[in-house]
Amino acid sequence: MKRAGHTEASVDLARLAGLYPAGVICEIQNPDGSMARLPELIEYAKVHNLKIISIADLISYRLEHERLIAREAIADLPTEFGHFKIYAYRHTLDNSEHVAIVKGDPAQFCSQPVLVRMHSECLTGDAIGSLRCDCRMQLQAALKMIDSAGLGVVVYLRQEGRGIGLVNKLKAYSLQDMGLDTVEANEHLGFPADLRNYGMGAQILNDLGVCQMRLITNNPRKIAGLKGYGLEVVDRVPLLIEATSYNSNYLSVKAEKLGHWMLQTYLMTIALQWQDEPRTVTEWYKRLENLRLLAKTYNLLLQEEVRPVAKAVFGDSALIVHLGFEQPLVGNPDWYQHTDHPYTNAIAQILDTVALSPNLKQLEFIISPGSDPLIGLQVQLDRQTFSLTEQPSSVCDHLQTQIIYSFVDSTPCKRSLA
Ligand SMILES: [Zn+2]
């Protein structure tokens, strides 16, 4: 497998069969003298009742059945994002070096789902702080989430530019500087696509004793590849990148341009403010995670909102989230006009539950027929104000879009937003 060639494959095959590592290589000609290709070979194998496999089959078999990584060191790793252990691994075939950043005792990993993030090395982003991508923000956010959870793993794969290498990545940057559109943008979307890398990350997780994982990803479509490795994804946790005045514009541009967010259907946007405003990122994540779990009990996905327009509507200190689905809207866009609609029931129950959270100062929400509610906002938004002593579900029998329903814990007062 060092070189995916026929010679190596024939030796591999013999070895896997428990035989002396030697083989005979021959090419088969078609009757017209041309070399037979795979489709013709499959026919040939059928006629003569022969077994046939491809080199790719062999590689994926070995990735699944052989341990190709060796754990070589463990060290303590205090970081500004929490205290971790770092595990060093070597890939035994290509000698590449990879690390796992581990929180908690791996002895506990097998008995519960573990928070996992797969990260591909990005020298420019991770180490130098490049703003051409958000790799560093993703890595930091994942480390903070895992530190806050108390248990988890960041698998850090040393495959710069998702395997194309540093120089090639920088060449792509250079082409972009010259105004050429390259496929580079895609490289920063989600998971490494290469089967080999899935395998390596999966083997590291196996080595750490992870069986079930809660995968931190905003890219839900690319997780199927892990199934073959005895790893089960029991939950998908969105990567929550904290918005600052510095990066919120960047994040919103990325969200629009790359379609990186998960939601395709928006049902409701909630903005929460507390008397005891979360001061640390850890507290912030805890509240987000509570909301996410609540939404999940109603099969809704939660997505944090960071665009400046949202802060302008709901206030700088508000925690703003959308609830919805990752699929396009299934059903009618006028769902909110039906009090017995399952979506209406779900959001009514979610709102009543959220309204009970301790030290809540203000709960505001806006309903959407399915599309992104912050696109196409009316200039003059109505804000209807109620007291938090009322249940928010009390307004759910006459919901409208383009209205901000505002529940505050003080005396109700009428406001309107210009
Ligand atoms: Zn990057």
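Residues numbered from 1 in each chain as written. Predicted model: local features only at pLDDT ≥ 70, side-chain atom pairs only at ≥ 80, totals over all residues.

S.K.: So what's going on with the sheet that holds strand E9 (residues 301-304)? Which residues, and what values?
M.R.: Spatial ordering of the open sheet is given by E9-E10-E8-E11-E13-E12, a layout of 6 strands whose pairing is mixed. Looking at strand neighbours, the two that pair on one side only are E9 and strand E12 (382-387), the edges of this open sheet. Across this sheet, the average inter-strand angle for adjacent strands is 25°, counted without regard to direction. Here strand E8 (residues 265-274) pairs with strand E11 (residues 360-367) via 7 bridges, running antiparallel. If you follow Ile-270 over to E11, its bridge partner there is Phe-365. Packing against the sheet, helix H10 (residues 281-297) makes contact with E9 and strand E10 (319-325), and its axis sits at approximately 150° to E9. (Pairing = 2+ DSSP bridges. Helix = DSSP H or I, 4+ residues; strand = E, 2+ residues; numbered from the N terminus. Axes fitted to C-alpha atoms, helices over the stretch in contact; angles between N-to-C directions. Contact = placed C-beta atoms within 7 Å.)

S.K.: Quick one: what's the story with unusual backbone geometry, residue by residue and with numbers?
M.R.: Even without being glycine, Asn-299 reaches a positive phi, approximately 60°. Mapping Asn-299 onto the fold places it in the loop between H10 and E9. Given 9 C-beta atoms within 10 Å, Asn-299 falls into the exposed group. For Asn-359, which is not glycine, the phi dihedral falls at a positive 65°. (Buried ≥ 20, exposed ≤ 12 C-beta atoms within 10 Å, placed from the backbone.)

S.K.: Tell me about the packing of helix H5 (residues 135-149) against H10, residues and numbers included.
M.R.: Relative orientation of the contacting elements H5 and H10 amounts to 80°, with a least axis distance of 10 Å. What the angle tells us is that H5 and H10 run roughly perpendicular. Judged by residue contacts, Lys-144, Met-145 and Ser-148 of H5 engage Val-281, Thr-282, Tyr-285 and Lys-286 from H10. Here the contact of H5 with H10 is built from residues that sort into 3 nonpolar, 2 polar and 2 charged. (Parallel < 35°, antiparallel > 145°, perpendicular 65-115°, else oblique. Nonpolar A, V, L, I, M, F, W, Y, C, P; charged D, E, K, R; others polar.)

S.K.: For the nonpolar core, give the residues involved together with the corresponding values.
M.R.: In this structure, Ala-100, Ile-101, Val-116, Ala-142, Val-153, Val-155 and Leu-205 are the most contacted members of the largest nonpolar core, which totals 71 residues. Formed jointly, this core draws a minimum of three residues from each of two domains, domain 2 (69-237) and domain 3 (260-408). Residue contacts for Val-155: discarding those within four places in its chain leaves Ala-100, Val-116, Met-118, His-119, Gly-201, Ile-204 and Leu-205. (Core = buried A, V, L, I, M, F, W, Y, C linked by C-beta atoms within 7 Å. Domains from an automatic or database assignment.)

S.K.: Please provide a residue-by-residue account of the sheet that holds strand E2 (residues 82-91), values included.
M.R.: Judged by pairing direction, the sheet is mixed, and its 7 strands sit side by side in the order E1-E2-E3-E5-E4-E6-E7 without closing on themselves. Lying at the two open borders of the sheet, with one neighbouring strand each, are strand E1 (69-79) and strand E7 (232-237). With direction set aside, neighbouring strand axes in the sheet form an average angle of 25°. For E2 and strand E3 (residues 97-103), the ladder comprises 6 bridges, and the chain directions are antiparallel. Opposite Ile-86, over in E3, you have Ile-101 as the bridge partner. H5 rests against E1, E2, E3, strand E4 (114-120), strand E5 (152-157) and strand E6 (212-216) of the sheet, and its axis sits at about 165° to E4.

S.K.: Give a description of the pairing of E5 that names residues and reports values.
M.R.: Burial of E5 is extensive: 6 of the 6 residues sit out of reach of the surface. Side chains Gly-152, Val-154 and Tyr-156 of E5 all project onto a buried face; the interleaved residues Val-153, Val-155 and Leu-157 project onto the opposite face, where all are buried too. As judged from the 5 bridges shared by E3 and E5, these two strands associate in the antiparallel manner. Paired with Ala-100 across the bridge in E5 is Val-155. With 6 bridges joining them, E4 and E5 adopt parallel strand pairing. Residue pairing in the sheet places Arg-117 in a bridge with Val-154 of E5.

S.K.: Explain the confidence of the model for the protein to me, and be specific about the residues and the numbers.
M.R.: Should pLDDT be low for a region, the predicted coordinates there are not to be read in detail. On average, residues of the protein score 81 in pLDDT, and 83% of them reach the 70 mark or higher. Across the protein, E3 holds the top mean pLDDT of 96, while helix H7 (residues 184-187) sits lowest at 45. Taken together, the stretch residues 182-196 has pLDDT below 50 and engages in 32 contacts with residues farther than four places along the chain or on a different chain. Across residues 411-418, where pLDDT falls below 50, the model places 12 contacts with residues more than four positions away in sequence or in other chains. (pLDDT = per-residue confidence, 0-100.)

S.K.: Could you give me a rundown of the environment of Ile-375, with the residues and numbers involved?
M.R.: Relative to the assigned elements, Ile-375 resides in the loop between E11 and E12. In the structure, Ile-375 is positioned 66 residues away from Val-309 in sequence and 9.3 Å away in space, judged by C-alpha atoms.

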